[in-house]
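Analysis of the macromolecular model
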Amino acid sequence: MINHLIKYLKRVHFSKPGSADIIIFDETNSNQVELVIPESLTVSIFKMRPMEFYITPRILFSFIRNLKYFTFRNGVASNRGWFYKIFWQLLCIYIKADLISRNPKAIITSIDNSGNFGWLSENYHLAPCVAIQNGFRLTYDSNSQSKYYCQHLFCFGEREVNDYPKLGYKVDHFHPVGSLNLSLNFDSQLCDIKPIYDLLVVSCWRGNIGYAKDVEDSMKAMRLMDETLAQYLQNRDLKTAVIMRSERESDQWVMPEIGMSEEDYYKSIYGDLIEIIDVNFIERNVYPVMQSAEVIVAGFSTTCLIEAYAMRKKVLYMNFCGNNKYHRDFKSEILFEAHDDKSPSFESRLNDLLEISSQEYVMKHEETMKYYMGDPLDSPKDRIRKEINEIIFSKPDYIGTST
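The present account deals with the structure reproduced in this document.

Reading the values: the criteria
Residues numbered from 1 in each chain as written. Predicted model: local features only at pLDDT ≥ 70, side-chain atom pairs only at ≥ 80, totals over all residues. Heavy atoms only, no water. Salt bridge = Lys/Arg side-chain N within 4 Å of Asp/Glu carboxyl O. Helix = DSSP H or I, 4+ residues; strand = E, 2+ residues; numbered from the N terminus. Buried < 20%, exposed > 50% of the residue type's maximum accessible area, 1.4 Å probe, protein only. Pairing = 2+ DSSP bridges. Axes fitted to C-alpha atoms, helices over the stretch in contact; angles between N-to-C directions. Lys, Arg positive; Asp, Glu negative; His and termini not counted. Contact = heavy atoms within 4.5 Å. Expected span 1.5 Å × (residues − 1). Arc of directions from axis to C-beta. Parallel < 35°, antiparallel > 145°, perpendicular 65-115°, else oblique. Left-handed = near helix turned anticlockwise from the far one by under 90°. Right-handed = clockwise from strand over helix to strand, strands pointing away.

**Concerning the pattern of salt bridges**
- In the structure shown here, the tally under the stated rule is 23 salt bridges.
- Residue Glu-122 pairs with Lys-147 through a salt bridge whose shortest N-O separation is 3.2 Å. Of the two residues, Glu-122 is situated in helix 6 (residues 115–123) and Lys-147 in the loop between strand 6 (129–132) and strand 7 (149–155); the sequence distance between them amounts to 25 residues.
- Note on Lys-147: relative accessible area 48%, which makes it partly exposed.
- The partner of Asp-163 in a salt bridge is Lys-166, and the shortest N-O contact between them spans 3.9 Å. Within this pair, Asp-163 and its partner Lys-166 are both found in helix 7 (residues 158–167), separated by three residues, close to a single helical turn.
- By relative accessible area, Lys-166 is classed as exposed at 67%.
- Several salt bridges converge on common partners, so that one network encompasses Arg-159, Glu-160, Asp-163, Lys-166 and Asp-329.

**With respect to the sheet that holds strand 9 (residues 197–202)**
- Pairing is parallel in the open sheet, where six strands are placed in the order 13-10-9-14-15-16. Each edge of the open sheet carries a strand with a single partner, namely strand 13 (275–277) and strand 16 (335–337). Going across the sheet, the axis of each strand differs from the next one's by a mean of 25°, ignoring polarity.

**Quick look at the side chain of Glu-307**
- When you line up the elements, Glu-307 lands in helix 12 (residues 303–310).
- Among buried charged residues, Glu-307 stands out as having no salt bridge; its nearest opposite-charge side chain is Arg-284, 7.5 Å away.
- Discounting chain neighbours no more than four positions away, the residues touching Glu-307 are Ser-179, Asn-181, Leu-182, Tyr-287 and Met-373.

**Examining the sheet that holds strand 6**
- The sheet built from six strands is open, its strands ordered 3-2-5-6-7-8 with parallel pairing. Among the strands making up the open sheet, the edge pair consists of strand 3 (43–46) and strand 8 (170–176). Sheet twist, expressed as the mean angle between neighbouring strand axes with direction ignored, is 25°.
- Bridge count for strand 5 (residues 106–109) against strand 6 is three bridges, and the pairing is parallel.

**Thoughts on the environment of Lys-386**
- With respect to the helices and strands, Lys-386 occurs in helix 15 (residues 380–393).
- When the C-alpha atoms of Lys-386 and Ile-334 are compared, they prove to be 33 Å apart, with 52 residues separating the residues in sequence.

**Regarding the environment of Cys-304**
- Residue placement: Cys-304 occurs in helix 12.
- Owing to a relative accessible area of 16%, Cys-304 belongs among the buried residues under this scheme.
- The spatial distance from the C-alpha of Cys-304 to the C-alpha of Trp-253 is 19 Å, given a sequence separation of 51 residues.
- Cys-304 has contacts with Val-202, Val-286 and Met-290, leaving out every residue within four places of it along the chain.

**Considerations on helix 15**
- Over its 14 residues, helix 15 runs 20 Å from end to end, which matches the ideal 20 Å to within 8%, given 1.5 Å per residue.
- Buried residues in helix 15 make contact with strand 2 (22–25), strand 5, strand 6, strand 7, strand 8 and helix 8 (180–185).

**Observations regarding helix 10 (residues 262–270)**
- Residues of helix 10 that are buried include every one of Glu-262, Glu-263, Tyr-265, Tyr-266, Ile-269 and Tyr-270, and no others. In an axial view of helix 10, the angular spread of the buried residues amounts to 160°, which keeps them on one side of the axis.
- The inward-facing, buried residues of helix 10 contact strand 9, helix 9 (213–233), strand 10 (240–243), strand 12 (260–261) and strand 13.

**Considering the pairing of strand 5**
- Here strand 5 shows two buried faces, one formed by Ala-106 and Ile-108 and the other by Ile-107 and Thr-109.
- One ladder, built from three bridges, connects strand 2 with strand 5; its direction is parallel. Following the sheet pairing, Ile-22 is matched in strand 5 by Ala-106.

**Describing the packing of helix 5 (residues 82–102) against helix 6**
- The N-to-C vectors of helix 5 and helix 6 enclose an angle of 60°; their axes lie 10 Å apart at closest approach. With respect to each other, helix 5 and helix 6 are oriented oblique. In this structure, helix 5 meets helix 6 at a crossing whose hand is right-handed. Side by side, helix 5 and helix 6 meet where Trp-88, Leu-91, Cys-92, Ile-93, Ile-95, Lys-96 and Leu-99 of the first sit next to Gly-115, Asn-116, Trp-119, Leu-120 and Asn-123 of the second.

**Digging into the pairing of strand 15 (residues 314–319)**
- Of all six residues that make up strand 15, six are buried, and the element is covered over most of its length.
- Because side chains alternate across strand 15, one face comprises the buried residues Lys-314, Leu-316 and Met-318, and the other comprises Val-315, Tyr-317 and Asn-319, equally buried.
- Traced from strand 14 (residues 293–298) through helix 12 to strand 15, the parallel crossover comes out right-handed.
- The pairing of strand 15 with strand 16 spans three bridges and is classified as parallel. In the sheet register, Asn-319 faces strand 16, and the bridge partner there is Glu-337.

Here's what the structure looks like:
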């Protein structure tokens, strides 16, 4: 108990927090966010993991003034418990008070689905709140407790513009630019090189995150897909690999509910039919590996497949869930539904993808590719930097109305 208290007190500072033109909200992927900030602007990071607390008279005064944003109704309506929601609201009000003292020109995050950032987008109007989408948002998860709100969202494509309002997501201004992650790791030199792998499986291993219903469903569906694919590979001379989702020996490497590591899971199904490729989060090797494959598949939803699709790769989401709950956001062109007796067989879908030329595939899918994520060669990094500059200096009407 004493050790926990000491660790907490070390995060409390009785000094003014660092100010800058741009505040990056949450240190996650902050190095990537810095790459899109105009060079003339200074940058500071608002740490959330763990959070740092600054106590000054100005922050305390601002915190008290902003208690008007606190409502007991939100606490009663929360499924996560009354005490949690009360504390969460007070935390958001403190964050706003802290940011007011820093007086930035803009607040930017790469965690577009952050509940704290959503609250800021709704209640902080002294500077624009800008988010860069970091993952594909699924319809089934749209009723989660974290309210989705972005004043400005740099999203993947037109799909978000069309679907987010239907999901109840609040976005004031959409900026469809594609995936920043993909653009930073896309190697144009690999485009003209013959693929190393005929088939690549992008692992959807869930890791040590508990065994909620969606985790259980995804792991069962993934196993059905892997077992079916292993049978498909038995009598075919196809160079096949799987790229891991968790780093070796990390806290996500073993799923207690499955009773094995990610590598052991794949070996138990495929044996020597498949090459195992370790993922490296720092080098983000998943992108060059995907560029080195002819056909890329996944046994559940993953942003990587949509990013591979944007790279003009042949992709297929495999739905072995028995329903379309988790796959309703994917068009039939890139989806195999095992429960649909009217759809072509698993074998024929893969055969067709392996046989069609890349040029013909792109011609057939180009519009859908752009709908989901645009063109990775269109430099999302440069577009985001330019539009951030415009957002900051265009002086939107709502700026200056916060307290």
